[in-house]
Amino acid sequence: MLKPISSHLFNLIQEVENNISGVSEEEYTEILGWIFSKLGINKFAYVHLEPTPSNSSKISIYSNYPAEWVDTYRKNSLYKSDPVMANTAITATPFFWNEIPAELDNNPEIFDQSANYGIKQGYTVPIHEPGRAFGSLHLSSEENDPDFPIIVRSNLFIIKTLSVIANQYRPVEITTENNLKLSPREIEFLRWLALGKNYKEIGLIMNITERTVKFHAKQMTEKMDCTNVKQAMIKAVQLNFV
């Protein structure tokens, strides 16, 4: 049976916003799971995709989906072939999964996989940010749940508001990039490189040999976890080192 939605939920939104800032990943997931359960929605996932200098993406997933499915999705980089994520990347309009354009719905097998974990029908709210990074909130249910679309349509304002809150207060992941520290000399090298100077010119400017410049290039590539010095330079710019 469809549960009536109380006006008290508007006060709960404020309660969520007051309590979700700065919490751990576990607490973040628990708080969002709690508020969505008040709507009659038992499964949710917040996903954030951030492009990296190596042309791949760093994915963050906070969800109460079955852990086995989340691990499978993450380890196999299924977001690259997921029609839901493909549509999320190009639209700012929330959508039901059965509304995904046919040209993007080219991997129906992924829905068969997720159905094994009780995830078949769903609703997604894209949240685009400046640049190429974007977040998205996904609500889902089993295929034979006739109340799911009704619940979503009855609570669109609340769901969109919670999506913004989920994106704004997503946990900050500690990565090697957060701990990356460069010396003033290393930053100077990258700055000249970003300005288009070649190794010989950088050597003359910094009063070091070309061999030392090449050593710096190798060190930077390894230190910034990149495959070549060009990637290291781009990453340094993105991280505001230069």
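In this text, all values refer to a predicted model and were calculated from it rather than measured experimentally.

1. Observations regarding the pattern of salt bridges
Okay, so step 1: Using the criterion set out here, one finds 5 salt bridges in the structure.
Okay, so step 2: In this structure, lysine 120 engages aspartate 112 in a salt bridge whose closest nitrogen and oxygen atoms are separated by 3.5 Å.
Okay, so step 3: Classification of aspartate 112 by relative accessible area gives partly exposed; the value is 47%.
Okay, so step 4: Salt-bridge contacts for lysine 218 lead to glutamate 222; the nearest nitrogen and oxygen are separated by 2.7 Å. Of this pair, lysine 218 and glutamate 222 are both found in helix 11 (residues 210–223), 4 residues apart, which corresponds to roughly one turn of the helix.

2. What to know about the nonpolar core
Okay, so step 1: In this structure, Ile20, Phe36 and Ile41 are the most contacted members of the largest nonpolar core, which totals 31 residues.
Okay, so step 2: Where this core is concerned, the elements lending two or more residues are helix 1 (8–20), helix 2 (25–39), strand 1 (43–51), strand 4 (121–128), strand 5 (134–141), helix 6 (148–154) and helix 7 (156–168).
Okay, so step 3: With 6 residues, the top contributor of residues to this core is helix 2.
Okay, so step 4: The contacts of isoleucine 20, once residues within four sequence positions are left out, are Tyr28, Ile31, Leu32, Ile165 and Tyr169.
Okay, so step 5: Membership of the second largest hydrophobic core comes to 21 residues, among which are Val47, Ile61, Tyr79 and Trp97.

3. Here's the deal with the confidence of the model for the chain
Okay, so step 1: Mean pLDDT over the chain stands at 87; residues scoring 70 or higher make up 91%.
Okay, so step 2: Per-element mean pLDDT across the chain ranges from 56 in helix 8 (residues 176–179) up to 98 in strand 3 (residues 95–96).

4. Some points on the sheet that holds strand 2 (residues 57–63)
Okay, so step 1: Sheet architecture is open: 5 strands sit in the order 2-1-5-4-3, paired in antiparallel fashion. Taken across any chain shown, the strands that pair with only one partner, and hence form the sheet edges, are strand 2 and strand 3.
Okay, so step 2: Judged from the 8 bridges that link them, strand 4 and strand 5 form a sheet pairing that is antiparallel. The partner of glutamine 121 across the bridge, within strand 5, is serine 141.
Okay, so step 3: Along the sheet, helix 2 makes contact with strand 1, strand 2 and strand 5, crossing strand 1 at roughly 130°.

Cut-off values and rules
- Residues numbered from 1 in each chain as written.
- Predicted model: local features only at pLDDT ≥ 70, side-chain atom pairs only at ≥ 80, totals over all residues.
- Heavy atoms only, no water.
- Salt bridge = Lys/Arg side-chain N within 4 Å of Asp/Glu carboxyl O.
- Buried < 20%, exposed > 50% of the residue type's maximum accessible area, 1.4 Å probe, protein only.
- Helix = DSSP H or I, 4+ residues; strand = E, 2+ residues; numbered from the N terminus.
- Core = buried A, V, L, I, M, F, W, Y, C linked by side-chain atoms within 4.5 Å.
- Contact = heavy atoms within 4.5 Å.
- pLDDT = per-residue confidence, 0-100.
- Pairing = 2+ DSSP bridges.
- Axes fitted to C-alpha atoms, helices over the stretch in contact; angles between N-to-C directions.

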